[in-house]
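# Results of the structural survey
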Amino acid sequence: MTIYSREEVLNHAKELAAMLSKTEEIERFKVLEAKVNENEKIQRLVTKIKTLQKQAVNLQAYEKKNALEIVEAEIDKAQEELDSIPVVEEFQEIQAVVNDVLQLVSGTIAREVTNHVIKDTGGDLLHGKTGSQKENEISSCESENETTSN
């Protein structure tokens, strides 16, 4: 069995990150992000929403409920306008896909590390128990049998 240093593992993680950055999804994300950042209308709406959100926080702090409702309605209107822009919609969709891919990779790594730990310790993969957990169950069952038979 080969033992890897933390540095070696991190180097492989960086290689995996470089591979991921060259997937179709991430390449599409880069293109759409550039389009979103270059679009003046989108940037104007984003700035407007941020400004209105700051106003809403201040109005909430000063308990100005009527004014807050008006500002929140303006935020909703600006957000709807932003969301209706096709490139924004496409960007949000690809952003969700990229997040799903990253979570899939992270989950796969975690699951595979766990499986290797179970296998390497002579455990039971089907029940998700390491070798030491299996041994402890066997010895605790033997102890119970000895206690009940006496």
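Everything discussed here concerns the structure shown above.
A few points on the structure. (Residues numbered from 1 in each chain as written. Predicted model: local features only at pLDDT ≥ 70, side-chain atom pairs only at ≥ 80, totals over all residues. Heavy atoms only, no water.)

Grouped together as the largest cluster of nonpolar side chains are 20 residues, with contacts concentrated most on Ile42, Val71, Ile75, Leu82, Ile85, Val87 and Val88. The set of elements that each furnish at least two residues to this core consists of helix H2 (24-38), helix H3 (40-61), helix H4 (65-83) and helix H5 (86-120). The dominant element in this core, judged by the number of residues it contributes, is H3, at six residues. Not counting the four nearest positions on each side in its chain, Leu82 is found in contact with Ile42, Leu45, Val46, Ile49 and Val88. (Core = buried A, V, L, I, M, F, W, Y, C linked by side-chain atoms within 4.5 Å. Buried < 20%, exposed > 50% of the residue type's maximum accessible area, 1.4 Å probe, protein only. Helix = DSSP H or I, 4+ residues; strand = E, 2+ residues; numbered from the N terminus. Contact = heavy atoms within 4.5 Å.)

Right, let's talk about the pattern of salt bridges for a bit. All told, the structure shown has three salt bridges when counted by the stated rule. In this structure, Arg28 engages Glu90 in a salt bridge whose closest nitrogen and oxygen atoms are separated by 2.3 Å. Here Arg28 is found in helix H2, whereas its partner Glu90 is found in helix H5, with 62 residues between them in sequence. According to the relative accessible area criterion, Arg28 is partly exposed, its value standing at 31%. According to the relative accessible area criterion, Glu90 is partly exposed, its value standing at 32%. (Salt bridge = Lys/Arg side-chain N within 4 Å of Asp/Glu carboxyl O.)

On the surface, Leu16, Met19, Ile109, Val113 and Val117 cluster together into a nonpolar patch covering about 440 Å² of accessible area. Listed by contribution, the elements that provide at least two residues to the nonpolar patch are helix H1 (6-20) and H5. The element contributing the most residues to the nonpolar patch is H5, with three residues. Residue placement: Met19 occurs in helix H1. (Patch = residues over 30% accessible without salt bridge, like charges linked within 9 Å, V, L, I, M, F, W, Y side chains within 5 Å. Areas by Shrake-Rupley, 256 points an atom, 1.4 Å probe, with all protein chains shown as cover.)

For the rest of this paragraph, the subject is H5. Taking 1.5 Å per residue as the helical rise, H5 with its 35 residues ought to reach 51 Å, and the 51 Å between its terminal C-alpha atoms agrees with that figure. Within H5, burial applies to Val87, Val88, Phe91, Ile94, Val98, Asn115 and Ile118. As for H5, its buried residues are in contact with H2, H3 and H4. Just beyond H5, the residue with positive phi is Gly122, at close to 75 degrees. (Expected span 1.5 Å × (residues − 1).)

Where H2 contacts H5, the two axes come as close as 9 Å, and the packing angle between them is 145 degrees. Once H2 is placed against H5, the crossing between them reads as left-handed. Residue-level inspection shows Glu25, Ile26, Arg28, Phe29, Leu32, Glu33, Lys35 and Val36 of H2 in contact with H5, the latter providing Val87, Glu90, Phe91, Ile94, Gln95, Val97, Val98 and Val101. Here the contact of H2 with H5 is composed, by residue class, of ten nonpolar, one polar and five charged. (Axes fitted to C-alpha atoms, helices over the stretch in contact; angles between N-to-C directions. Left-handed = near helix turned anticlockwise from the far one by under 90°. Nonpolar A, V, L, I, M, F, W, Y, C, P; charged D, E, K, R; others polar.)

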